[in-house]
Amino acid sequence: MINVKGDKVPLFILDTAHTTYAMKVLDSGHIEHLYYGRRIHLDDADGLSEQYEFAPANTSTYSPEAGNFSLDDMRLEMSSYGKGDLREAFIEIVNSDGSTTSDFLFSGYAESRGRDGGTEGLPSSYGEEAEVLTLTLTDKDNKLKLELVYCVYADTDVITRTARLTNEGEGDISIEKIMSTQIDFDPGNYVFSTFTGAWAREMKRTDMSVASARLVNSSFSGNSSNRANPFVMISRRGATEEYGEVYGFNLVYSGNHYESVEKSPFGKVRFLSGINPTAFNWKLSKGESFLTPEAVMTYSTSGYNGMSGQMHDFVSKHILRGPWKDRLRPVLLNSWEAAYFKINESKLLRLARKAKSVGIELFVMDDGWFGERNDDSCSLGDWYPNKKKLPRGVKGICDKVRKLGLEFGIWVEPEMVNRNSDLYRAHPEWAMEIPGKSHSEGRNQMVLDLANPDVQDYLIKAMSDVFSSADISYVKWDMNRNFTDIFSSSLPSGRQGEVTHRYMLGLYRVMRELTDRFPQILFEGCASGGNRFDLGILSFFPQIWGSDDSDAVCRSEIQTGYSYGYPMSTVTAHVSDCPNHQTLRRAPIETRFNVASFGVLGYECNLCDMSKDDIEAIRAQIDMYKKWREVMQFGRFYRVSTAHDSGSCDGDALGAPGLSVLEPLSGNDISWTVVSPDKTKAVAMTMQLFTHANAQWGVLKPAGLEPEMKYHIEGRKIKFDLREFGGLVNYVAPVHVKQDGFLHKIIARFYKMNSEKESHDMYGDAMMYAGVHLRSAFASGGYNENMRYYPDFGSRIYTIEKAG
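Residues numbered from 1 in each chain as written. Predicted model: local features only at pLDDT ≥ 70, side-chain atom pairs only at ≥ 80, totals over all residues. Heavy atoms only, no water.

Q: Can you lay out the sheet that holds strand β23 (residues 407-412) for me, pointing to particular residues and giving the numbers?
A: Reading around the circumference, β21-β22-β23-β26-β27-β28-β29-β30 is the order of the eight strands in this closed barrel, with parallel pairing throughout. Averaged over neighbouring strand pairs, the angle between their axes works out to 30 degrees when direction is ignored. Most of the contacts of helix α4 (residues 393-403) go to β23, to which it runs at about 145 degrees, and overall it touches β22 (362-365) and β23. (Pairing = 2+ DSSP bridges. Helix = DSSP H or I, 4+ residues; strand = E, 2+ residues; numbered from the N terminus. Axes fitted to C-alpha atoms, helices over the stretch in contact; angles between N-to-C directions. Contact = heavy atoms within 4.5 Å.)

Here you go:
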């Protein structure tokens, strides 16, 4: 709800169900930020506004009339340079006369209702119930108008912000920097949390104390990047998953972004988020406007889980859109790790038949189907089928897969081109490279210049031709290259600072057009895994491939990282072969499933080469997942325990200098719970990284249950290979069994070990707070059918239903 009090110097109060955001206009015309936190009652700004008699020493006052304060020590809704505020600025402009001072003062406001999901080429949130407040500020000296737009989603406790700058003067100006949001916090002990990494190591949470230096989280790779996701958190020191004050921030943008936190000499903390200003500038002529991407913010007093739940609800209700927004996602098999580029129709059909036999619903033909694509050195851009591999084209293989009873999907990488391709030979000017200068490539490919409308038109037509060539149900849209040598031949030399943002506008135009033309297709984003996992892509594609790393141990941390800001219905995850193709780690097939099933489940392995036992395990996994899919894809996700301190994918916990694997590890146990909206069903998962000797006990504490509801909890029944016990089988065998010998294999073939039986009827509060005390784990003192076999990387899934 938006409430405006006062006339000449109004007070603006933005209320959601549980939060309040307040600001007021000062006599000077600046907008003072008063408060953002738990919902409070306000009639006026008495007691909230800063009170000054004199400006701090060694600061500059704004004007003789406002000589009692300095902008350098004020909490502001936006900031600029030239009038005394020396902290990092919200906006930086080179005016038409070459000066760089800006002075934006309040000149009016307007209220409206409803948000349509996109404007001026950028995607945004949407909802008829959204309440919108637009504050207009004017720089009279330079004839500029700045609109700060606040959008309130009371149902999800989220407020969004955008900014629009309009040149109302005669001369051109240059925007050097313009952010989407700014919040100035009162002094306090804050922690800034980022989610950083690299290829195959996405979304590692890092917590940094906000001290006297500026902390920056940013990307300059041409995409939102795996190095620094645009989702960040600011929390009060001491916050946990369940308790404490936590702010979550994100950006509806897929390009170079920038988030910073800075503590001033006076203790106040400024947060900024928006387009990365590095190498960015935008020429704005008379009458033109520039709109920033939408920034998203939420606040919770219920710790990180509370904040995450609000962000998940917002993304699910107000970012995701189209027919697949709420539709159950199919279980797929992707051909990549089974065949890589070496595909042909007969090989694909063998995989598809095997996929159908285990319950797979969607078969995806990955890279290698087009042009002369036998490796990554050629043919990107040549989007016609290779008739040697697919004699009857895409339609031929699609029709045959569909006759098996499977949906059919395809892989594309539209934004890229190989130098060795028909497209590059025909249009070298469409590639992003600097004419006459050497070019740095990645993965033997170049980036197409989507700042060029001709390239956009080509991609729309080329992809429309592919998507309409067969009955295609799914498209994996990849992007395997960071930007280098940024340049657009379609722009003059003075506007090259606009290329990366114009690229994003072009990409969004292509995606918007194709998703509108093909609404029945389930699109999945991908960029070398999680190199472009953001709310901008999710505005068009309802799910994104979380990482090229499908190792279950690494994925447990990666998916935990995503869960802080993104609902798990947006994160796709696959069960892959063992040893894993990215880490060579061997993890149990049930653990691979248990971790992947908490995302949108798929498989990426050669089913034709798998053992009978593994095939039976996969069949049982898919059967279980289908029964619980609605809860697992669209339920409320809770982190119970995480591995973010263990460094499990960075090498630290695996024997890096300074930490012995024999020492007890913080973050050794990972536990998640997902709960249906009505709280009658839930699924819990536990996983350990390393076994500790002589540690038998285990306690499961699910989260999010209804305290007074009685539930039945049951462990999923699985089977283990006797050979996992090695030579220990001789402890009970009547004759000697050589480990891995012929007799050992024969016994293992006909005798499987059943998992322990875990079945209880308990109230929700008893499970959450007292815990479910699990059966003893193997600890070398004996073993029978009532014990938990729980080795390194072992895990379990427990289903929970309302009793009766």
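This is not the end of the story, as more comes after the structure.
Q: Tell me about the pattern of salt bridges, residues and numbers included.
A: One pass over the structure, following the stated rule, counts 52 salt bridges. In this structure, glutamate 433 engages arginine 419 in a salt bridge whose closest nitrogen and oxygen atoms are separated by 3.8 Å. In this pair, glutamate 433 is assigned in the loop between α5 (422-426) and β25 (446-447) and arginine 419 in the loop between β24 (416-417) and α5, connecting sequence segments 14 residues apart. Given the relative accessible area of 13%, glutamate 433 is considered buried. (Salt bridge = Lys/Arg side-chain N within 4 Å of Asp/Glu carboxyl O. Buried < 20%, exposed > 50% of the residue type's maximum accessible area, 1.4 Å probe, protein only.)

Q: Report on the environment of cysteine 398, specifying residues and quantitative values.
A: Considering the arrangement of structural elements, one finds cysteine 398 in helix α4. Put simply, cysteine 398 and tyrosine 52 are 346 residues apart on the chain and 72 Å apart in space, counted from C-alpha to C-alpha. The contacts of cysteine 398, once residues within four sequence positions are left out, are Phe408, Ala470 and Asp471.

Q: I'd love a proper account of the nonpolar core, names of residues and values included.
A: Within the largest apolar cluster, 193 residues are counted, with the highest numbers of intra-cluster contacts made by Leu146, Leu165, Trp369 and Tyr603. Among the elements that make up this core, the one with the highest residue count is helix α11 (residues 612-634) (nine residues). The next biggest cluster of nonpolar side chains, apart from the first, holds 17 residues, and it includes Leu700, Met709, Met768 and Val772. (Core = buried A, V, L, I, M, F, W, Y, C linked by side-chain atoms within 4.5 Å.)

Q: Just give me the short version of a negative patch on the surface, but keep the residues and values in it.
A: Taken together, the side chains of Glu128, Glu129, Asp155 and Asp313 define an acidic patch exposed on the protein surface. By the secondary structure assignment, glutamate 128 is in strand β7 (residues 122-139). Since its relative accessible area comes to 70%, glutamate 128 is described here as exposed. (Patch = residues over 30% accessible without salt bridge, like charges linked within 9 Å, V, L, I, M, F, W, Y side chains within 5 Å. Areas by Shrake-Rupley, 256 points an atom, 1.4 Å probe, with all protein chains shown as cover. Lys, Arg positive; Asp, Glu negative; His and termini not counted. Charge placed at Lys NZ, Arg CZ, Asp CG, Glu CD.)

Q: Which residues make up the environment of tryptophan 336, and what values do they have?
A: By secondary structure assignment, the location of tryptophan 336 is in helix α2 (residues 336-339). Note: C-alpha distance between tryptophan 336 and leucine 165 (171 residues apart in sequence) is 46 Å. Residues in contact with tryptophan 336, not counting those within four places in the same chain, are Phe341, Asp366, Asp367, Arg443 and Glu604.

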